[in-house]
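A structural walkthrough
For reference, the chains in residue letters:
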Amino acid sequence: MSYQQDNDKLYRYLFQDRAVRGEWVRLNETFTETLNTHNYPKAVQNLLGEMLVATSLLTATMKFEGTITVQIQGDGPLKLAVVNGNDQQQLRALARVGGEISEQASLNEMIGNGVLVISIMPIDGERYQGVISLDKPTIRECLEDYFARSEQLQTHLVIRTGEYEGKAVAGGMLLQIMPDGTGTPEDFEHLMTLAETVKDEELFGLTAEELLYRLFHEEKVEVYPAQATAFHCGCSRERSGNAILLVPAEEIEEMLAEKNGVIDMQCECCGTQYFFDKKAIEDFRIEAEKLSQLNLH
């Protein structure tokens, strides 16, 4: 059985005798495709990998259709890092760097004074936003603190990034006491201690079944079917064209004149380029006016 069968997969599992649930995810192509069109500093790549893993694990705890956005804002050389994920495990990430960042830079050195913002947006229901102070040395610890304070659930995260067989990889695990109150702190501490023994080469190079047996072979673990993860940007020519219409007409004319009659827009997230000449922009304007008239009636 090849470990590669569980690349870009998320598994949920339940400790039947412990009232603790868990998740495991490994991001390979999902992570690589996120980085492909960007030349981020190594420390920023690793941070985005950690945030992708965290977002994947968080979306797996959702009991509804919708999205989660995990965003870091600060006054350091890393101005912004944001990851968006949905209940289909479609993920995307973006960072904005405004200064020099060393390969070994810590979270604090990259962010300075900053916050971690988690926005939960169900398709049906109320939106929720939580703001977390980045006063811990790692994203993992900040998120564990978030769960303890806002959800009042004991939660433990293992998040790792690195390379395996020459390719970028990020992986992680989540343990969480069941919200029905049947779990005990002792059971949770026991499983948390076992989870912390995982080595990078095991997290990156074993199948989910092999990994869970390696860590928890004395436990009764019920593993549910895997869910695939994937990089998904969501940009489109239509969205880019509608974005141009937000610019005043005079400025659009100036841009067309400066760019030899063609405006090009590049998606920050995936790098796709869209080109618009005067006729294409006018077609978008006519279509927008038609939709506006329909909405009025």
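Placed above this text is the structure.
Criteria and thresholds
- Residues numbered from 1 in each chain as written.
- Predicted model: local features only at pLDDT ≥ 70, side-chain atom pairs only at ≥ 80, totals over all residues.
- Heavy atoms only, no water.
- Salt bridge = Lys/Arg side-chain N within 4 Å of Asp/Glu carboxyl O.
- Helix = DSSP H or I, 4+ residues; strand = E, 2+ residues; numbered from the N terminus.
- Buried < 20%, exposed > 50% of the residue type's maximum accessible area, 1.4 Å probe, protein only.
- Pairing = 2+ DSSP bridges.
- Contact = heavy atoms within 4.5 Å.
- Axes fitted to C-alpha atoms, helices over the stretch in contact; angles between N-to-C directions.

Right, let's get into the pattern of salt bridges. Evaluation of the coordinates by the stated rule reveals twelve salt bridges. In this structure, the salt-bridge partner of Asp-283 is Lys-279, at a minimum N-O distance of 3.0 Å. You can see Asp-283 and its partner Lys-279 sitting in helix α10 (residues 278-296), four residues apart, about one turn around the helix. A residue is classified by how much of its surface remains accessible, and Lys-279, at 57% relative accessible area, is exposed. By sharing partners, the salt bridges in this structure join Asp-135, Lys-136, Asp-145 and Arg-149 into a single network.

Here we come to the sheet that holds strand β5 (residues 90-97). Reading across the sheet, the six strands line up as β7-β6-β3-β4-β5-β12 and stay open at both edges, with mixed pairing between neighbours. The open sheet has two edge strands with one neighbour each: β7 (128-133) and β12 (230-231). Pairing geometry for strand β3 (residues 66-74) and strand β6 (residues 114-122), over nine bridges, is antiparallel. Along β6, the bridge assignment pairs Thr-69 with Ser-119. Of the strands in this sheet, β3, β4 (78-86), β5 and β6 touch helix α2 (residues 42-60), which is tilted by about 30° from β4.

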